[in-house]
Amino acid sequence: MSKIEEVKSNVEAGKTKLIQGLVREALDEGYAAGDILQAMIDAMGTVGDKFSAGTIFVPEMLIAAKAMSLGVGVLKPHMAETSSVSLGTCIIGTVQGDLHDIGKNLVTMMLESAGFTMIDLGVDVSPEKFIQAVKDNENVKLVACSGLLSTTMPALQSTVAALKESGLTGFKTMVGGAPVTQEFADKIGADAYAPDAGSAAVKAKKLVA
Ligand code: B1M
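Quick notes on the rules
- Residues numbered from 1 in each chain as written.
- Predicted model: local features only at pLDDT ≥ 70, side-chain atom pairs only at ≥ 80, totals over all residues.
- Heavy atoms only, no water.
- UniProt positions renumbered as here; feature names shortened; annotations may be inferred.
- Helix = DSSP H or I, 4+ residues; strand = E, 2+ residues; numbered from the N terminus.
- Near = heavy atom within 4 Å.
- Polar contact = N/O pair within 3.5 Å; in protein donor to acceptor, adjacent residues only side chain to side chain.
- 1 Å grid on protein atoms, 1.4 Å probe; cavity = no way out; pocket = protein on both sides within 12 Å on 5 of 7 lines; lining within 4 Å.
- Sits in = over half its atoms within 2 Å of the grid points.
- Nonpolar A, V, L, I, M, F, W, Y, C, P; charged D, E, K, R; others polar.
- Salt bridge = Lys/Arg side-chain N within 4 Å of Asp/Glu carboxyl O.
- Buried < 20%, exposed > 50% of the residue type's maximum accessible area, 1.4 Å probe, protein only.

The name that an unreviewed UniProt entry assigns to the protein chain is Methanogenic corrinoid protein MtbC1, with the source organism given as Desulfosalsimonas propionicica. The protein chain has a UniProt comment under Sequence similarities (unreviewed entry) that states "Belongs to the methylamine corrinoid protein family."

Given below as structure tokens:
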């Protein structure tokens, strides 16, 4: 088994004690950080499939997520080419009712390296908390909302609506997450949608230009 396959299978198996060492070894063997990250994303896809099939349960998903987060921590300095350009502040969070944060954290990492000052509100963020963060921070150019559950898609809608109705100006909204589509983003009046963290950074830069 190649080192990158080992990374994938150890994320799947939630080997939190081993994963950081394996990611370091994969980097030392010359694997690109982006390829190692993709292997871990693929592992989470497999974890999701097993959960859907009923062969694993929430605790296994949680421990796999923990392993992935540890692995991403090792990759971070190798991924982020920090831009010297300042693009303003971005408020980011996973919407109310939703506890998934790995995708949101990857988007945070990519936007930070693109030049945004990131204010990460975490998970289960209410529309009011997003609004308060826009008020509390200077030069907010973007509010980025992540949602991973079909049951929290309405929370994306209510968050975008609340931001628009708040009367606050000067920023755009972006939504994303596995169940989100461009069509849904258009329907709820978000300014942008991105399918993954890389394209989120590209779109965010264009949005605030
Ligand atoms: Co949950 N979960 N989960 N889970 N979980 C999914 C999402 C699910 C698809 C699994 C499945 O059934 N196959 C399913 C949702 C089904 C649906 O709604 N359609 C599901 C479910 C049902 C649940 C619970 C309801 C299970 C239960 O309790 N019975 C529960 C809900 C809890 C809650 O949130 N209230 C639950 C809980 C959990 C854990 C807490 C155990 C854990 C999360 C831990 C954590 O995040 N710290 C977890 C996990 C790990 C998953 C899976 C396996 C992996 C998610 C992940 O991290 N993927 C997931 C299955 C899957 O995704 N196939 C699943 C890797 C990550 C890099 O991808 O987050 O999609 P993703 O991010 C991508 C893009 O979506 C995009 O960029 C990233 C890649 O570059 N993106 C954005 C994300 N946000 C963006 C924002 C943007 C732009 C792009 O702009 C703002």
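Engineer: I'm lost on the environment of Lys129 in this one. Help?
Structural biologist: Examined against the element boundaries, Lys129 turns out to sit in helix H6 (residues 127-136). Sequence separation between Lys129 and Thr169 is 40 residues; the distance between their C-alpha atoms is 16 Å.

Engineer: Whenever I open this one, the site of the ligand confuses me. Can you help?
Structural biologist: Not every one of the 35 residues close to the ligand is listed here, only the nearest: Ser52, Leu99, His100, Asp101 and Ser146. Between the ligand and the protein, one listed contact pairs a nitrogen atom with a side-chain N or O atom of Ser52 at 2.7 Å. One of the backbone nitrogen or oxygen atoms of Ser150 is found 2.8 Å away from an oxygen atom of the ligand. When each cavity is represented as a set of grid points, the ligand is found to reside in the largest pocket. Counting residues per element, the ones that place at least two in the shell around the ligand are helix H3 (33-53), helix H4 (58-79), helix H5 (102-114), strand E3 (140-146) and strand E4 (172-176). Here the shell around the ligand takes 7 residues from H3, the largest share from any one element. Among the residues making up the shell around the ligand, the classes are represented as 22 nonpolar, 10 polar and 3 charged.

Engineer: Explanation requested: the pattern of salt bridges in the structure shown.
Structural biologist: A side chain of one charge can pair with a side chain of the opposite charge when the charged atoms of the two come close. Under the counting rule described, the total for this entry stands at 6 salt bridges. Lys3 is paired through a salt bridge with Glu6; the nearest N and O atoms lie 3.5 Å apart. One end of the pair, Lys3, and the other, Glu6, are both in helix H1 (residues 3-12), 3 residues apart, so they sit about a helical turn from each other. Taking relative accessible area as the criterion, Lys3 reaches 12% and is therefore assigned buried. On the accessibility criterion, Glu6 (24% relative accessible area) is partly exposed. Across the salt bridge formed by Asp120 and Lys104, the nearest N and O atoms sit 3.0 Å from each other. Pair noted here: Asp120 is in strand E2 (residues 116-120) and Lys104 is in helix H5, with a separation of 16 residues, a long-range link.

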